[in-house]
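Structural description and commentary
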Amino acid sequence: MADLLNIENLTIHHARQPLVSGVSLSLAAGERVGLIGESGSGKSLTALAAIGLLPEGMTASGSVLLAGQQVIGAAERDIVGFRGTAVATIFQEPLTALDPLMRIGDQIAEVLRRRARRDGRSVSRADVANEVLALMARVALPDPTRLARAYPHEMSGGQRQRAAIAMALASRPSLLIADEPTTALDVTTQAEVLKLLETLVREENMGLLFISHDLPVVGAAVDRVLVLRAGELVEEGQIAEVFGRPRHPYTQGLVEAARAFDHAIGAAL
Amino acid sequence: MTDATPALSPPSSPRLTPAFVIGATLVGLHVIVGLITLFWAPYDPTAMTGGRLAPPSLAHWAGTDRLGRDLFTEIMVGARIALAVGIGAVAIAATIGVTIGLLAAFASRTVDDVLAATLDILIAFPTLLLAMLIVAASDGASLGTAILAIGIAASSIVARLTRILARRVLAMDYITAARVSGTGWLGIVRIHVLPNIWPTLIVNLALQFGLAVIAEASLSYLGLGAPPPNASWGRLLQEAQATVYTAPFGAVAPGIALVSLVIGLNLFADGLRDVADPTRRRR
């Protein structure tokens, strides 16, 4: 079976300045891959290039096969056709990931209707409404009937991120890209959202590309990890291997720092 | 469940501030008066019905002008003209302005830069000068040329505001999410951009309405608006200027009408934001 995502030798330039250089990664169905590195290391840019949505002024070269189709150099209207089924994204800040002036239920319904149109199905209002409630229950949002009528500012951060996940699920993607999905949440909510993501990815047999700077979070969410530094891939391997016996000095530094942080907390307790 | 949140209040109704109520009442009064003149007025606005420059009396509530026409009737008809110009100009400004603003927001950087620079030049261009050019280019001053001139002048301001507001919305993650799931740019405009810029835009359009009313009065004052015998407030003010010391009410009455409508529109605009934006309803 073809990979959901296959990036080869991806290089991203902005004003002749390389931001990402020579990154390769592949992701098969059901596989969970982490992309870690500090801010500005090119994690998010790599993800944006993977879905063909780089900001204006940036150029990508190399090869990005999303669901077997070349994204680099393709026209936007050609990508629009398959991107919705191939991939969905979850962002760091769920408040900006949801339209502030649209009720949650309507936002999820919009994705459902778009999927139906794409598949050439006609769906009734009641069908959509029922599927919205089912999705909201799926991501463990309490009292879906009531929350479906709520605006994003009327929900908590955790609920908003759950709603964003429900929207991502609504398009039935084969690959889920999560860009720091738990960073804006408090630690307990973080754990719950991670668990939810893990369950959903397993049950739907989706691929997961998980972007984060938070090592323990990445460790809990993925099987394989790639370490990015200043736009270059410095290390790659299974979680236990990379975190247990980091080879590259940078990774060693990252792991040390995370460990020192844990010790500090342990000492304080 | 750690997700438990502050209990949701049921969808609340818009908060009506006193300023909004006063504004809406003032504007409402002018609208009602303007509508009444379509069917009835105390006198024929062009007929000489009393002595010249008569002071206010029971027969003539605001007195008469230098030709003996009933001022109150003329002011009532003037409300209709002011509102017609406001509606027309705002409709033109909204149509042209929002379209250009959205195009600029979606355009590539080069096209956007050109549009933004053009808008800045247009904004620096005085409305009155633009109106004169339009009048000169057409057959002569009329209500139509006044509406067109004011509408075009205001559209550059609306376009610039739309562009900035739309850019801010387009930078949001929910736009990226919508694009990922396959929404085209028209869909993004309809579903996300317009609803999100609407609360700010509608407030600005209401303010533009007030400015259009003042601009119309200025144009008619200069003889560039609706030609006589149309009873525009600007024309009434201009005619009363010569006799302002002997018959001050001729200038005061249309002045009160003009100021009350513009203040009403501004108060209305301020309150409108709370009504249009659901995130501001509950505080």
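Scroll up to find the structure.
In this report, we go over the structure that sits alongside the text. Remember, predicted model here, so these are calculated numbers, not experimental data.

Comments concerning the overall build of chain A
What chain A contains, in helices and strands, is 11 helices and 10 strands. A compact globule built from 269 residues should have a C-alpha radius of gyration of about 18 Å, and chain A, at 19 Å, falls within 12% of that. Overall, chain A is about 55 × 55 × 35 Å in size when its C-alpha atoms are taken along their principal axes. Looking at chain A alone, contacts between residues at least 24 apart form 64% of all its contacts between residues at least 6 apart. Carbon and sulfur atoms form 52% of the exposed surface of chain A, whose accessible area is close to 11,700 Å².

Observations regarding the interface of chain B and chain A
Every contact between the two is made by 29 residues of chain B and, on the other side, 40 residues of chain A. Regarding the contact of chain B and chain A, the summed buried area is about 3,000 Å², with carbon and sulfur atoms giving 56% of it. Summed over the shared surface of chain B and chain A, the number is one salt bridge. Here Arg179(B) makes a salt bridge to Glu76(A), at a shortest N to O gap of 3.7 Å. Put simply, chain B and chain A have 10 residue pairs in polar contact (both at pLDDT 80 or more) between them. For the side of chain B that touches chain A, the elements supplying multiple residues, two or more each, are α6 (173-180) and α7 (185-221) of chain B. For the side of chain B that touches chain A, the leading source of residues is α6(B), giving seven residues.

Remarks on the sheet that holds strand β8 (residues 207-212) of chain A
Residue and element names in this part refer to chain A. The six strands lie next to each other as β6-β7-β8-β3-β9-β10, forming an open sheet whose pairing is mixed. Taken across any chain shown, the strands that pair with only one partner, and hence form the sheet edges, are β6 (87-90) and β10 (232-238). With strand direction ignored, the average angle separating the axes of adjacent strands in the sheet is 15 degrees. In terms of strand pairing, strand β9 (residues 224-229) meets β10 through six bridges, oriented antiparallel.

Some points on the environment of Ile263(B)
The topology assignment puts Ile263(B) in helix α9 (residues 249-276). For the pair Ile263(B) and Gly23(B), spaced 240 residues apart in sequence, the C-alpha to C-alpha distance is 7.1 Å.

With respect to the packing of aromatic side chains
Aromatic rings in a pair are described by how distant their centres are and how their planes are angled relative to each other. Residue and element names in this part refer to chain B. With the rule as written, the count across this model stands at two aromatic pairs over all chains. Each ring, one from Phe20 and one from Phe268, has its centre 5.3 Å from the other, and the planes form 15 degrees; the classification is stacked. Of the two residues, Phe20 is situated in helix α1 (residues 18-36) and Phe268 in helix α9; the sequence distance between them amounts to 248 residues. Judged by centre distance (5.0 Å) and plane angle (50 degrees), the ring pair of Phe106 and Trp185 falls under tilted. Here Trp185 lies in helix α7 and Phe106 lies in helix α2 (residues 71-106), a separation of 79 residues in the sequence.

Things to note about the sheet that holds strand β1 (residues 5-14) of chain A
Adjacent strands of a sheet form backbone hydrogen bonds with each other and so pair up, either parallel or antiparallel. All names here are of chain A. Pairing within the open sheet is antiparallel, and its four strands lie in the order β2-β1-β4-β5. A single partner strand is all that each edge strand has here, and the edge strands are β2 (17-27) and β5 (69-70). Where β1 and β2 come together, seven bridges link them in antiparallel fashion. Following the sheet pairing, His14 is matched in β2 by Gln17.

Concerning the packing of helix α4 (residues 104-119) of chain A against helix α7 (residues 157-170) of chain A
All names here are of chain A. As a packed pair, α4 and α7 sit with axes 8 Å apart at the nearest point and diverge in direction by 15 degrees. Judged by the angle between their axes, α4 and α7 are roughly parallel. In this structure, α4 crosses over α7, and the sense of that crossing is right-handed. Two secondary-structure elements touch here, α4 through Ile104, Gln107, Ile108, Val111, Leu112 and Arg115 and α7 through Ala163, Ala166, Met167 and Ala170. In terms of residue class, the contact of α4 with α7 is made up of eight nonpolar, one polar and one charged.

Cut-off values and rules
Residues numbered from 1 in each chain as written. Chains lettered and ligands numbered in written order. Predicted model: local features only at pLDDT ≥ 70, side-chain atom pairs only at ≥ 80, totals over all residues. Heavy atoms only, no water. Helix = DSSP H or I, 4+ residues; strand = E, 2+ residues; numbered from the N terminus. Rg over C-alpha atoms; globule rule 2.2 N^0.38 Å. Contact = heavy atoms within 4.5 Å. Areas by Shrake-Rupley, 256 points an atom, 1.4 Å probe, with all protein chains shown as cover. Buried area = accessible area lost by both parts, 1.4 Å probe. Salt bridge = Lys/Arg side-chain N within 4 Å of Asp/Glu carboxyl O. Polar contact = N/O pair within 3.5 Å; in protein donor to acceptor, adjacent residues only side chain to side chain. Pairing = 2+ DSSP bridges. Axes fitted to C-alpha atoms, helices over the stretch in contact; angles between N-to-C directions. Phe/Tyr/Trp six-rings, centres within 6.5 Å; stacked < 30°, edge-to-face > 60°. Parallel < 35°, antiparallel > 145°, perpendicular 65-115°, else oblique. Left-handed = near helix turned anticlockwise from the far one by under 90°. Nonpolar A, V, L, I, M, F, W, Y, C, P; charged D, E, K, R; others polar.

Everything listed here is a matter of coordinates, which is why it stays silent on function.
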